[in-house]
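Secondary and tertiary structure notes
Take a look at the letters that make up each chain.
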Amino acid sequence: MSPDEIILRTLLFGIGVYGTFACGKTLYYGFSILKWPTSPGKITKSQIQIVEKKMPDSQITDVCEVQFQYEYQVAGKAFQSTRYTFDQKVVAYPLKAQRQSRRTHLNRAAQLLKAETFSQQYPLMASVPIHYHPQKPEIAYLKAGLSHFSSWVQTILGFLASFYIFVLLAFS
């Protein structure tokens, strides 16, 4: 095995290990929220807003955001927050509108309907349990756990890549 190959494999292994730990930390933190104490809270803002966002593919598109604000009390002290879950601060539905067509309008209508249906789960002044950090009660989430499947996939792929490269390094 050439020195360049060893360097490349070691670098890839390090990236895989870093990715595994970073995503594993996300999973750990996301699931630790399930054990956090809860406090009764009230939804003080529940609205749908269309905003322009830069997407991962660098295109700017309209996004339909479901925005929440809620208030809760811990040990007699009042707090408010807007966070939905640990890995999803805002619930958003992209409104793809690259070209005007009937299909584009149907997509926009479907996404708006999804946002409206979702926001109805948290109507204004609804009582909801709020999960707050035991030592830092100003950190709170409306929903415990992780909402994105990608957090799982990234951790598993990082682990598999690290393991594969480790095996290559060990047995080559």
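First, a word on what this report is: a plain description of the structure on this page. Here the structure is a predicted model, which is why all the values come from computation and not from measurement.

Some thoughts on the overall build of the chain
Regarding its fold elements, the chain presents three helices and six strands. Along the chain, helices (α) and strands (β) appear in the sequence α-β-β-β-β-α-β-β-α when read from the amino end. Across the chain, every contact between residues at least 6 apart in sequence was considered, and the portion connecting residues at least 24 apart equals 68%. Carbon and sulfur atoms make up 62% of the accessible area of the chain, which amounts to about 11,200 Å² in all.

Observations concerning a nonpolar patch on the surface
Nonpolar side chains collect at one region of the surface, where Val153, Ile156, Leu157, Phe159, Leu160 and Phe163 lie side by side and expose about 570 Å² of accessible area between them. Relative to the helices and strands, Phe163 is located in helix H3 (residues 149-171). Under the relative-accessibility criterion, Phe163 is labelled partly exposed at 47%.

Observations concerning the pairing of strand E2 (residues 60-74)
Looking at chain direction, strand E1 (residues 38-54) and E2 are connected through 13 bridges and run antiparallel. Bridge pairing links Gly41 to Tyr72 in E2. Two elements, E2 and strand E3 (residues 77-81), share five bridges in a ladder whose sense is antiparallel. Bridge pairing links Tyr72 to Phe79 in E3. Between the antiparallel neighbours E2 and E3 lie two residues, among them Ala75 with a positive phi of about 50°.

Observations concerning the side chain of His131
Its location among the elements puts His131 in strand E5 (residues 127-132). Excluding residues within four positions of it along the chain, His131 makes contact with Ile33, Trp36, Pro37, Thr38, Ile139, Ala140, Tyr141, Leu142, Lys143 and Ala144.

Concerning the nonpolar core
Grouped together as the largest cluster of nonpolar side chains are 20 residues, with contacts concentrated most on Phe68, Tyr72, Tyr122 and Leu142. Broken down by secondary-structure element, the contributors of at least two residues to this core are E2, strand E4 (91-95), helix H2 (102-119) and E5. Broken down by element, this core gets its largest block of residues, six residues, from E2. Excluding its chain neighbours within four sequence positions, the residues that come into contact with Leu142 are Ile43, Phe68, Tyr70, Arg83, Tyr84, Tyr122, Val128, Pro129, Ile130 and His131. Membership of the second largest hydrophobic core comes to five residues, among which are Ile33, Trp36, Tyr141 and Ala144.

The rules behind each value
- Residues numbered from 1 in each chain as written.
- Predicted model: local features only at pLDDT ≥ 70, side-chain atom pairs only at ≥ 80, totals over all residues.
- Heavy atoms only, no water.
- Helix = DSSP H or I, 4+ residues; strand = E, 2+ residues; numbered from the N terminus.
- Contact = heavy atoms within 4.5 Å.
- Areas by Shrake-Rupley, 256 points an atom, 1.4 Å probe, with all protein chains shown as cover.
- Patch = residues over 30% accessible without salt bridge, like charges linked within 9 Å, V, L, I, M, F, W, Y side chains within 5 Å.
- Salt bridge = Lys/Arg side-chain N within 4 Å of Asp/Glu carboxyl O.
- Buried < 20%, exposed > 50% of the residue type's maximum accessible area, 1.4 Å probe, protein only.
- Pairing = 2+ DSSP bridges.
- Core = buried A, V, L, I, M, F, W, Y, C linked by side-chain atoms within 4.5 Å.

So, to be careful, I would describe these as geometric facts and stop short of saying anything about function.
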